[in-house]
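# Residue-level structural notes
Take a look at the letters that make up each chain.
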Amino acid sequence: MSYSILKALTMSTNQKNFIEIIVKHLPEGVKLVDFISNLVHLGKEASYRRIRCEVEFTLSEIVIIAKELNINLTSLIIREGGEKVTCNLRLIEEDTPQLTYCKMIEADLNVFEGIDTQSKHLLFTINHTLPLFFTTTSALLTKLRLLKIQFNQGSLNPKKLKDLELTKDIKTINEKYLKAISSFDVEVVMSQDIIANTVLDIDFFFRIGLITEEEQGLLLKELEQTIFLLQEITHTGTWNNKNLQLYVSYLSLDSSHQYIYSNGVQASLLDLHVPNSLLSFDKTFNTMHFNRIEIIKKGATLITKSGEIEKASFFKKQFNSIKRDW
């Protein structure tokens, strides 16, 4: 097969997917050809040639259309080759853990920007360790995440906790992240050992000399405040003035991941190890991922405004995880 024919076939497949996305987002009663003609100032015949995949959209035309219809350009990643699933491996490497941390959150914010906040949109999270949005206001727990970034990226001369500055950029990106998350209704499924897993990290970094005994105690105090926050959420059913449902899983959760649902975009975010992750907008992959979340939820207990016995047992276990002689 010649290069020109192969290119034409690839263009046709990609363009058809883009056209399908446009059609899904068109306002009711608007014709596709009229929409394209009016928006990017093309004659009807030129628009029809694009609709028939005879001519490619230019990059500027794609950007204009995506902006007008609030389409996340990342969601234009498509599947090729039958049942092949497309995932984006997000590897983040910067000169400092602070920059890496900011890039990690920016990557999530780029996904959130594609969500139509005027329509129903939900965030489902499965959590082996504390989700980021519960720790961004805790200075030492944020620094602990910076320690993990250093460790996971194999830093030869890792800084100690006391030497890791929380830069202005970190504070700014945390505020943006919390604002973005607070636009969602959220469902959180937690591991039985969600606090104990963070305690293990604290103890590890203490043993290798990156955390002092005093800092260890202060970190456990911040974890205690986080447990109090979780308790409050179970009483009110809200967080940051939005609905938040907390579940306790009785299945073993060996990783953390998220599923984002909206009328325009569905996405799966799977943690590998901080700061790296997998992202997919693939329909097949997302369906499979959502089904797994539903199975996990069936093996979990809702403790928001319910499940009093399970709730008491869960929180007793969390407080026991941080017990120390202060």
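Residues numbered from 1 in each chain as written. Predicted model: local features only at pLDDT ≥ 70, side-chain atom pairs only at ≥ 80, totals over all residues. Heavy atoms only, no water.

Secondary structure assignment for the protein chain yields eleven helices and nine strands. Taking the principal axes of the C-alpha coordinates as reference, the protein chain spans close to 80 × 50 × 35 Å. A burial count over the protein chain gives 48% of its 326 residues as buried. Excluding contacts between residues fewer than 6 apart, the proportion of contacts in the protein chain whose partners are at least 24 apart in sequence is 74%. Of the accessible surface of the protein chain, which amounts to about 17300 Å², a share of 53% is contributed by carbon and sulfur atoms. (Helix = DSSP H or I, 4+ residues; strand = E, 2+ residues; numbered from the N terminus. Buried < 20%, exposed > 50% of the residue type's maximum accessible area, 1.4 Å probe, protein only. Contact = heavy atoms within 4.5 Å. Areas by Shrake-Rupley, 256 points an atom, 1.4 Å probe, with all protein chains shown as cover.)

Turning to a nonpolar patch on the surface, a few remarks are in order. Judged by side-chain polarity, L89, L91 and L272 come together as a nonpolar surface patch covering roughly 290 Å² of accessible area. Relative to the helices and strands, L272 is located in strand β7 (residues 266–273). Taking the relative accessible area as the measure of exposure, L272 reaches 44% and is therefore partly exposed. (Patch = residues over 30% accessible without salt bridge, like charges linked within 9 Å, V, L, I, M, F, W, Y side chains within 5 Å. Salt bridge = Lys/Arg side-chain N within 4 Å of Asp/Glu carboxyl O.)

For the rest of this paragraph, the subject is the packing of aromatic side chains. This structure, assessed with the given rule, holds 14 aromatic pairs. Relative to F319, the ring of F228 has its centre 5.4 Å away and its plane inclined at 50°; by these criteria the two rings are tilted. Here F319 lies in helix α11 (residues 308–321) and F228 lies in helix α9 (residues 213–236), a separation of 91 residues in the sequence. Between the aromatic rings of F314 and F315, the centroid separation amounts to 5.2 Å while the plane-to-plane angle is 70°, which identifies the pairing as edge-to-face. Accessibility assignment for this pair places F314 and F315 in one class, buried. Joined through ring pairs, the aromatic side chains of F112, Y177 and F184 make up one cluster. (Phe/Tyr/Trp six-rings, centres within 6.5 Å; stacked < 30°, edge-to-face > 60°.)

Bringing the side chain of Q192 into the picture now. Here Q192 lies in the loop between β3 (185–190) and α8 (194–207). Accessibility expressed as a relative area gives 18% for Q192, which makes it buried. If sequence neighbours within four positions are ignored, Q192 has contacts with V248, S249, Y250, F314, K317 and Q318.

A few words now on the pairing of β7. Bridge analysis of strand β6 (residues 257–262) against β7 gives five bridges, and the strand direction is antiparallel. From the neighbouring strand, Y261 faces β7, where its bridge partner is Q266. Two strands pair when backbone bridges link them, and β7 and strand β8 (residues 276–280) are joined in this way by five bridges, in the antiparallel orientation. Residue L270 lies in a different strand from β8, and its bridge partner there is L278. Between β7 and the antiparallel strand that follows it, β8, lie two residues. (Pairing = 2+ DSSP bridges.)

Our focus in this paragraph is the packing of helix α6 (residues 139–152) against α8. Across the interface, α6 lies against α8 with an axial gap of 11 Å and an inter-helix angle of 70°. Judged by the inter-axis angle, α6 sits roughly perpendicular to α8. When you trace α6 past α8, the crossing you get is left-handed. Together, L141, L144, L147, K148 and F151 of α6 and T198, D201, I202, F204 and F205 of α8 make up the contact between the two elements. For the contact of α6 with α8, a count of residues per class yields seven nonpolar, one polar and two charged. (Axes fitted to C-alpha atoms, helices over the stretch in contact; angles between N-to-C directions. Parallel < 35°, antiparallel > 145°, perpendicular 65-115°, else oblique. Left-handed = near helix turned anticlockwise from the far one by under 90°. Nonpolar A, V, L, I, M, F, W, Y, C, P; charged D, E, K, R; others polar.)

Taken by themselves, the reported measurements are silent on function.
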